[in-house]
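Each chain is listed here by its residues.
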Protein chains: 2
Amino acid sequence: MELSDRKKRILRAVVEHYVETAEPVGSKTISSDPEINSSSATIRNEMAELESLGLLEQPHTSAGRIPTSMGYRIYVNELMKQHRLSVEETVRINNALKSKVQQLDNLLSVAGKLTAQLTSYPAYALTAASADTVITRYDFIFVDQSTFIIVIMLGNNIVKNKLVHLPFSIEREQLMKLSAVFNASFTGIPEESITTELIAATERSVGDKDGLVSIAAGFAIETLMSHRTRETFVSGTSKLFEHPEYRDIGRAQKLLSYLSDAETILQLPAPEKESGMKITIGAENLADELSDSSVVVARYDAGDDMQGLIGVVGPTRMDYPKVAARLSYIAKGLSWLFSGGSSPPELGDGDSGEKTHKILQGDE
Amino acid sequence: MELSDRKKRILRAVVEHYVETAEPVGSKTISSDPEINSSSATIRNEMAELESLGLLEQPHTSAGRIPTSMGYRIYVNELMKQHRLSVEETVRINNALKSKVQQLDNLLSVAGKLTAQLTSYPAYALTAASADTVITRYDFIFVDQSTFIIVIMLGNNIVKNKLVHLPFSIEREQLMKLSAVFNASFTGIPEESITTELIAATERSVGDKDGLVSIAAGFAIETLMSHRTRETFVSGTSKLFEHPEYRDIGRAQKLLSYLSDAETILQLPAPEKESGMKITIGAENLADELSDSSVVVARYDAGDDMQGLIGVVGPTRMDYPKVAARLSYIAKGLSWLFSGGSSPPELGDGDSGEKTHKILQGDE
DNA sequence: TTTAGCACTCAAACACCCTGAGTGCTAAAC
DNA sequence: GTTTAGCACTCAGGGTGTTTGAGTGCTAAA
């Protein structure tokens, strides 16, 4: 089913007016749109047809029309025009991200806050995770008789450490032995392979009676495990109130509680392979709590074939072109930073690369 | 000005009824309270006097009375009875905290969530910070020709690391030299002392042309700085909606935006020295955004003479005895964990140590 | 096929009344 | 002097009725 050109223009006009005003839009409003040259009566007929196609609906008989989820879907897939970021915006994003490259955790939290600010919707971010990360290197630093530091380096160049206090004293040599054996037998293996048998065998071969091997192995397991689970960041939840659809306490609460649970954040939509971005509208969301909200999410590259997510949640009445453009640009920025690139993507270039996302095909 | 015994009983009854029902309480309700044996007319006279003393107020003429901030203050200081935690609760707290001892960040975030859950108010937590933390030890780990790891240990036994990639190659010996000179000249000093002069001088003395000294010194400065600022955690913000005073979107939004800014969290009240806990009621709060809310906050000990905070924010109509008791117990638990104690405080003992807090003097 | 015109619908805003909880005051009782 | 019963009064909240106006669908003419 292909819509007539006029119907398309009307649908687009309805979506865009509604996004802007949050009020149902009537035939008169549309007829005064410069892109449309028909009387209100004609528009009414067209709108009635769009309604029977399931793309528009009326909150009540004597009100204007608002888009349905399906209406938004058509708009997003076929009708919306690309939004171009202003130079100031790209500069602002670049600066905000660059200033915080230091630490991964920090960076994502900053990116989330930035996203929330720029879109005025609550944002969420997930760290990249890959099940097959392994430890590539162990170091044991002798601090004093009863204290040492374990330093673990992972395949994706992340380094973790742990300070260990012992209730007994140790010798430098013990740590050196430990280091030799761990680097030989505990590198390049997944967490499941660090079995109690392996630990026991190692203890015997090193002659460790103090449990040093268990301590180190325990830390290795912990590190691998924590690295396998994604971390979640949610920011800008109070932005929700800026949008009239969340004037209703019940709706706001439902969404906010949903977002406050790290477990559920992990269930949020993610782009399919190949496409960098995904837009999920209203009832398209699996989660009940999101059935009257939309999610826009972009994927970023965190090197080593791992990918993270950054997205926003808001009402279905969302300025999809703007949100998509900003999110896309931020995701690109993150990918750059994680790839170790120093200069951000296409600095100052107004076109911010939405083209790469199939979902964003403008029709003109 | 000392209140008569009867007035005290009436004030307490009003506060407790109001806390429970969230409805203004009238003379009839009070007169049926078993602790009070007077007719409603007498109560009315007494309540009129309590009102002229500024302890009660009427939302409108034909309504019952509700406590003013000052009324709550008197209640908190003189009238409220100690709340005793149930054994289940203490067990639950102990378990939740114990299971997460691993990492400091994690622990506080868990403690915050737990607090929010137990009190049903949004909770905030601050890490301990001390301005005079210094670095006690540097280690440089050679990974390969162009890669090494810096490991820094701080006075409070926290260890940080950073992986450095270089665009040129280095030798093991360079790192050893670096290690010697950093451990000699860059330990035990505050961040301000790491001046560009010191760095330049060190570079000359080591013969470092590649900027390795700057890299390491930069990381040292960054670590000291980040450790000087407290980290903030806020959780359970959506709990706010469970309380009728935040049915009003405006109020909820005001408080939630306030809590979403890390800067302002740092400004929240803190207990005076000597007392472990502080209750700030309504207009007693400096911040405008909190003028119709209350804050209950407890201090925990993080060892090394450093202290952190954990607290909740909610309506002035708050069950202060319960909240105070729970918070106090959680703070004690945190202190224990940070002091390296393995067994939690007074496990299963119903009395949860509020006595130590001056602010919680029951009157019976 | 488009458009002007008209009768119709219905949410939102407003005015109005009623109800009942709670008050303050007075005068009698203790 | 203190307490209490009784009574007139107040006022928010809930319900009902009315008006208004934006927007519709349908019809008939262009």
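Model, not experiment: these values are computed from the prediction. (Residues numbered from 1 in each chain as written. Chains lettered and ligands numbered in written order. Predicted model: local features only at pLDDT ≥ 70, side-chain atom pairs only at ≥ 80, totals over all residues. Heavy atoms only, no water.)

**Structural notes on the overall build of chain A**
Each helix and strand counted, chain A has twelve helices and ten strands in total. Computed over the C-alpha atoms, the radius of gyration of chain A is 27 Å, more than 25% above the 21 Å expected from 2.2 N^0.38 for a compact globule of 364 residues. When its C-alpha atoms are laid out on the principal axes, chain A stretches across 90 × 40 × 35 Å. When burial is assessed residue by residue, chain A has 51% of its 364 residues classed as buried. Within chain A, residue pairs in contact and separated by at least 24 positions form 62% of the contacts whose partners lie at least 6 positions apart. Taken as a whole, chain A presents about 16,300 Å² of accessible surface, with 48% of it coming from carbon and sulfur. Averaging the coordinates of the 37 positive side-chain charges in chain A and doing the same for the 49 negative ones gives two points 4 Å apart. (Helix = DSSP H or I, 4+ residues; strand = E, 2+ residues; numbered from the N terminus. Rg over C-alpha atoms; globule rule 2.2 N^0.38 Å. Buried < 20%, exposed > 50% of the residue type's maximum accessible area, 1.4 Å probe, protein only. Contact = heavy atoms within 4.5 Å. Areas by Shrake-Rupley, 256 points an atom, 1.4 Å probe, with all protein chains shown as cover. Lys, Arg positive; Asp, Glu negative; His and termini not counted. Charge placed at Lys NZ, Arg CZ, Asp CG, Glu CD.)

**Details of the relation of the copies chain B and chain A**
For the pair chain B and chain A, the best superposition has an RMSD of 0.2 Å and corresponds to a rotation of 180 degrees with a translation of 0.1 Å parallel to the axis. Put plainly, the chains are arranged around a two-fold axis. Rotation axis and chain B: the residue whose C-alpha lies nearest the axis is Ile249 of chain B, separated from it by 3.4 Å. Same-surface contact between copies: 100% of interface residues of chain B are shared with the interface of chain A. (Least-squares fit on C-alpha atoms with pLDDT ≥ 70 in both.)

**A word on the protein's contact with DNA strand C**
The local shell around DNA strand C holds 20 residues, among which Thr42, Thr61 and Ser62 of chain A together with Ser27 and Arg65 of chain B are the closest. At the protein interface, 78% of the atoms of DNA strand C within 4 Å belong to sugar or phosphate. Ser27 of chain B places a side-chain nitrogen or oxygen 2.7 Å from a phosphate oxygen of DNA strand C. At the level of elements, α3 (40-52) of chain A together with α3 (40-52) of chain B are the ones that each hand at least two residues to the surface near DNA strand C. (Near = heavy atom within 4 Å. Polar contact = N/O pair within 3.5 Å; in protein donor to acceptor, adjacent residues only side chain to side chain.)

**Quick notes on the pairing of strand β4 (residues 135-144) of chain A**
Direction of pairing for β4 of chain A relative to strand β5 (residues 147-154) of chain A: antiparallel, over a ladder of eight bridges. Bridged to Phe142 of chain A within β5 of chain A is Phe148 of chain A. (Pairing = 2+ DSSP bridges.)

**Quick notes on the packing of helix α5 (residues 87-98) of chain A against helix α12 (residues 320-338) of chain A**
Residue and element names in this part refer to chain A. Where α5 meets α12, the closest approach of the two axes is 10 Å, and the angle between their N-to-C directions is 35 degrees. Seen from above, α5 lies across α12 with right-handed handedness. Between α5, through Glu89, Thr90, Ile93, Asn94 and Leu97, and α12, the contact on the second element is made entirely by Arg326, Tyr329, Ile330, Gly333, Leu334 and Leu337. For the contact of α5 with α12, a count of residues per class yields six nonpolar, three polar and two charged. (Axes fitted to C-alpha atoms, helices over the stretch in contact; angles between N-to-C directions. Left-handed = near helix turned anticlockwise from the far one by under 90°. Nonpolar A, V, L, I, M, F, W, Y, C, P; charged D, E, K, R; others polar.)

**A look at the pattern of salt bridges**
Residues and elements named next belong to chain A. Under the definition given, this model contains 31 salt bridges over all chains. Arg228 is paired through a salt bridge with Glu192; the nearest N and O atoms lie 2.9 Å apart. Taken together, the residues Arg228 in helix α9 (residues 212-228) and Glu192 in the loop between α7 (172-185) and α8 (196-206) connect sequence positions 36 residues apart. Exposure remark for Glu192: the relative accessible area of 48% places this residue in the partly exposed category. Here Arg251 and Asp292 are joined by a salt bridge, their closest N and O atoms 3.2 Å apart. With Arg251 in helix α10 (residues 249-259) and Asp292 in the loop between β8 (277-281) and β9 (293-301), this pair connects stretches of sequence that are 41 residues apart. Owing to a relative accessible area of 23%, Asp292 belongs among the partly exposed residues under this scheme. Each of the salt bridges in this network shares a partner with another, and the network as a whole consists of Arg6, Lys7, Glu46 and Glu49. (Salt bridge = Lys/Arg side-chain N within 4 Å of Asp/Glu carboxyl O.)

**Brief notes about the domain arrangement of chain A**
All names here are of chain A. Domain boundaries assigned for chain A yield domain 1 (5-79), domain 2 (87-131 + 230-360) and domain 3 (135-227). Of the residues lining the interface, ten residues belong to domain 1; the matching set on domain 2 comes to 14 residues. Of the roughly 960 Å² buried where domain 1 meets domain 2, counting both sides, 62% is carbon and sulfur surface. Here domain 1 is connected to domain 2 by one salt bridge. Between the two partners, domain 1 and domain 2, sit three residue pairs in polar contact (both at pLDDT 80 or more). Of all elements in the fold, only α1 (5-21) and α4 (69-79) reach the threshold of two or more residues within the side of domain 1 that touches domain 2. By residue number, the principal contributor to the side of domain 1 that touches domain 2 is α4, which donates six residues. Counted by class, the side of domain 1 that touches domain 2 contains six nonpolar, two polar and two charged residues. (Domains from an automatic or database assignment. Buried area = accessible area lost by both parts, 1.4 Å probe.)

**Some thoughts on the sheet that holds strand β6 (residues 159-165) of chain A**
Residues and elements named next belong to chain A. Taken in spatial order, the three strands make up an open sheet running β4-β5-β6, and their pairing is antiparallel. At either margin of the open sheet sits one strand with a lone partner, and together these are β4 and β6. Across the sheet, the mean angle from the axis of one strand to that of its neighbour is 15 degrees, orientation sign disregarded. Judged from the seven bridges that link them, β5 and β6 form a sheet pairing that is antiparallel. If you follow Met153 over to β6, its bridge partner there is Val159. α9 contacts β4, β5 and β6 of the sheet and is inclined by roughly 40 degrees relative to β5.

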